[in-house]
There are 2 protein chains.
Amino acid sequence: MENIITSKDNPVIKLYQKLSDSKKERLQYGLFVLEGLRIVEDALREEARVSHLILTKQAFDRFGDELLQADLRDTKTLVISNELGNRIASTSTTQGVFAICGIPEMKAPVFADNGRYVVLFGLQDPGNVGMIIRTADALGIDGIFMCGSCDLYSPKVIRSTMGSVFRENIYIIGSEDELFEVLKSGGVMTSAAVIDTDAEKVTECGFTGRQAVFIGNEGNGLPAEVSRRCDRRVTIPMNGTINSLNAAMAAGILMWELKK
Amino acid sequence: MENIITSKDNPVIKLYQKLSDSKKERLQYGLFVLEGLRIVEDALREEARVSHLILTKQAFDRFGDELLQADLRDTKTLVISNELGNRIASTSTTQGVFAICGIPEMKAPVFADNGRYVVLFGLQDPGNVGMIIRTADALGIDGIFMCGSCDLYSPKVIRSTMGSVFRENIYIIGSEDELFEVLKSGGVMTSAAVIDTDAEKVTECGFTGRQAVFIGNEGNGLPAEVSRRCDRRVTIPMNGTINSLNAAMAAGILMWELKK
């Protein structure tokens, strides 16, 4: 057993907290943080670049045997006091399992035959973004494009992806122009998801070949201009109270129709 | 303007806190609490039995004109200090709009022709239950049965229904036997949602006549015995990483297929 770290001034602990709190620091260091047994296990299993594994004394005793079986040649393991664990934890019932992980290099999108994609345009709620990534992974969506949305590497998004962040192809695109260029060059048909009874019904519009559906901001939907630039506008026909469908749920139903 | 209440010992404030904290108190008084402008507006619009409308001084100034246009003959309005509002608020960014509301009498289920229902069996996450109710409202599901699930009237469930709790028919059933009896007497075909590639695919099984889909607990799914008592077992065919589909999202896709 290593020395138990108790000081909040330990440089790794200070780094962890900076990365947890600030997008700017995450970008600068090219690192982000993980908290929780399952997601740290996922990171190790999917061979994410885990630079530091941080366990409380209690977590070391409970989960150490299991976690230390992973390939940790490039990972430094730290054991910290339970008090320090509670201090850096984002939840009140922490398992005491933390990691610092490298942000993967952005790869150029690869477009599969009949590839099915979703574009998150201006989504701001971390829980929604995480749930969409998780659902995309379950349904077998080929890739997710994010443009003007909240930071993928914020602790809240990462937590709510439940590990799917390590399995899905996720592309962060800087501008609307670049987004349309990339999709066009990939031969992808684009559909804007809108709430409008005049738009094509997703149950009738037919998805063949490479397809991407654009999901807009929780409160405002897609900007009119983005919607116009898409090849068509599609809508989920609803029998009940419109506006009751949350963005993640709407995205889930659209991805389901894309993949069926 | 009424007197501004500043004391945490005010009997209505004490009642609000008791109802907020405890299911037992909610059952005993037959009351539950609401927080937030939109859900309180929904309650007033849908003619829920709002016994007390509680506004902070700030909320009274901002939203008073709008809220006080509702029919408040059976509602007592209280104005409280902003400090007291922060004290009883469940969120750190409260709007200062609160209400105490009567739990509606449980009505006997009414089964429509081709009625489509969802059964929440043992769901424990308030956010999931709220999101399912909200989605059911959007998609036009005819009723929701809850059995062995978390308390519908907990502040977290109520908040995440976003007002749909006042629009959906929700039936709380005390036991498994009673649940199957009620559905059988209503001529409802029952389908257990399971993760099992041998079960009937929801895309192929066909939903005709009165139909109910059972959704199980987030971690454990439906008890085997409940699944056996259902007329059939259905599954969502997945192309990706199974177990990635959250219970609310699975319920959303199943309700979508039920209503299409």
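Residues numbered from 1 in each chain as written. Chains lettered and ligands numbered in written order. Predicted model: local features only at pLDDT ≥ 70, side-chain atom pairs only at ≥ 80, totals over all residues.

On to the overall build of chain A, then. When you go through chain A residue by residue, the secondary structure sums to 10 helices and 12 strands. For chain A, whose C-alpha radius of gyration is 20 Å, the value lies close to the compact-globule estimate of 18 Å for 260 residues. Taken over the C-alpha atoms alone, chain A extends approximately 65 × 40 × 30 Å along its principal axes. Counting across all 260 residues of chain A, residues that qualify as buried make up 46%. When contacts within chain A are restricted to residue pairs at least 6 apart in sequence, long-range pairs at least 24 apart make up 81% of them. (Helix = DSSP H or I, 4+ residues; strand = E, 2+ residues; numbered from the N terminus. Rg over C-alpha atoms; globule rule 2.2 N^0.38 Å. Buried ≥ 20, exposed ≤ 12 C-beta atoms within 10 Å, placed from the backbone. Contact = placed C-beta atoms within 7 Å.)

Moving on, we come to the nonpolar core. Among the nonpolar cores identified, the biggest contains 168 residues, and V118, V119 and I215 of chain A together with V118, V119 and I215 of chain B are the most heavily contacted of them. If sequence neighbours within four positions are ignored, V119 of chain B has contacts with F145, C147, L179, A212, V213, F214 and I215 of chain B. (Core = buried A, V, L, I, M, F, W, Y, C linked by C-beta atoms within 7 Å.)

Residues and elements named next belong to chain A. On the basis of which strands lie adjacent, the open sheet formed by seven strands has the order β8-β7-β6-β11-β9-β12-β10 and parallel pairing. Two strands in the sheet have a free side with no partner beyond their single neighbour: β8 (170-172) and β10 (200-201). In terms of strand pairing, strand β7 (residues 143-147) meets β8 through three bridges, oriented parallel. What sits directly across from I144, in β8, is I170. Of the strands in this sheet, β6 (116-121), β7, β9 (189-193) and β11 (211-215) touch helix α8 (residues 176-185), which is tilted by about 155° from β7. (Pairing = 2+ DSSP bridges. Axes fitted to C-alpha atoms, helices over the stretch in contact; angles between N-to-C directions.)

This part is about the sheet that holds strand β5 (residues 97-102) of chain B. Residue and element names in this part refer to chain B. Strand order in the open sheet formed by five strands is β1-β4-β3-β5-β2, with mixed pairing between adjacent strands. Either end of the sheet is taken by a strand with one partner, and the two such strands are β1 (4-5) and β2 (31-35). Strand direction decides the pairing type here: strand β3 (residues 50-56) and β5, joined by five bridges, are antiparallel. Residue pairing across strands places L53 opposite A99, the latter belonging to β5. Of the strands in this sheet, β1, β2, β3, β4 (76-80) and β5 are in contact with helix α1 (residues 11-21), which crosses β2 at around 95°.

Before going further, it helps to spend a moment on the interface of chain A and chain B. Of the residues lining the interface, 25 residues belong to chain A; the matching set on chain B comes to 25 residues. Among the secondary structure elements, those contributing two or more residues to the side of chain A that touches chain B are α6 (126-139) and α10 (247-259) of chain A. With six residues, α6 of chain A is the largest single contributor of residues to the side of chain A that touches chain B. Across the side of chain A that touches chain B, the residue classes break down as 10 nonpolar, 10 polar and five charged. (Nonpolar A, V, L, I, M, F, W, Y, C, P; charged D, E, K, R; others polar.)

This next bit is on the relation of the copies chain A and chain B. By a simple turn and slide, chain A fits onto chain B: the slide is 0.1 Å along the axis, the RMSD is 0.1 Å, and the turn is 180°. Within this description, the copies of the chain are treated as partners about a two-fold rotation axis. A share of 100% of the interface residues of chain A reappears at the interface of chain B, consistent with the copies meeting face to face through the same patch. (Least-squares fit on C-alpha atoms with pLDDT ≥ 70 in both.)

Residue and element names in this part refer to chain A. What the domain assignment reports for chain A is domain 1 (4-102) and domain 2 (116-259). One C-alpha centre belongs to domain 1, the other to domain 2, and the line joining them spans 31 Å. Going through the elements one at a time, α2 (23-29), β2 (31-35) and α3 (37-45) are the ones with two or more residues in the side of domain 1 that touches domain 2. Across the side of domain 1 that touches domain 2, the residue classes break down as six nonpolar, three polar and six charged. (Domains from an automatic or database assignment.)

In this section: the environment of V182 of chain A. Residue and element names in this part refer to chain A. Inspection of the secondary structure assignment puts V182 in helix α8. On the basis of neighbour counts, which here come to 17 C-beta atoms within 10 Å, the residue V182 falls in the partly exposed class. Once the C-alpha coordinates of V182 and A108 are considered, the two residues, 74 residues apart in sequence, prove to be 9.2 Å apart. Excluding residues within four positions of it along the chain, V182 makes contact with P109 and I173.

A few words on the packing of α10 of chain A against helix α10 (residues 247-259) of chain B. For the pair α10 of chain A and α10 of chain B, interaxial distance at closest approach is 10 Å and the crossing angle is 60°. By the angle between their axes, α10 of chain A is oblique relative to α10 of chain B. In the crossing of α10 of chain A with α10 of chain B, the sense of the turn from one axis to the other is right-handed. Only M249, G252, I253 and W256 of chain B of α10 of chain B make contact with α10 of chain A, whose side of the interface consists of M249, G252, I253 and W256 of chain A. (Parallel < 35°, antiparallel > 145°, perpendicular 65-115°, else oblique. Left-handed = near helix turned anticlockwise from the far one by under 90°.)

Here we take up unusual backbone geometry. The phi torsion at M162 of chain A lies on the positive side, around 55°, for a residue other than glycine. Inspection of the secondary structure puts M162 of chain A in the loop between α7 (155-161) and β8. One non-glycine residue with positive phi stands out, namely N114 of chain B, at about 55°. You can see N114 of chain B is positioned in the loop between β5 and β6 (116-121).

Residues and elements named next belong to chain B. Here helix α6 (residues 126-139) crosses α10 at 20°, and the two axes come no closer than 9 Å. Between α6 and α10, the interaxial angle falls into the category roughly parallel. Both α6 and α10 take part in a crossing whose hand is right-handed. Between α6, through N128, M131, I132, T135, A136 and L139, and α10, the contact on the second element is made entirely by A247, A248, A251, G252, M255, W256 and K259. Taken together, the residues of the contact of α6 with α10 sort by class into nine nonpolar, three polar and one charged.

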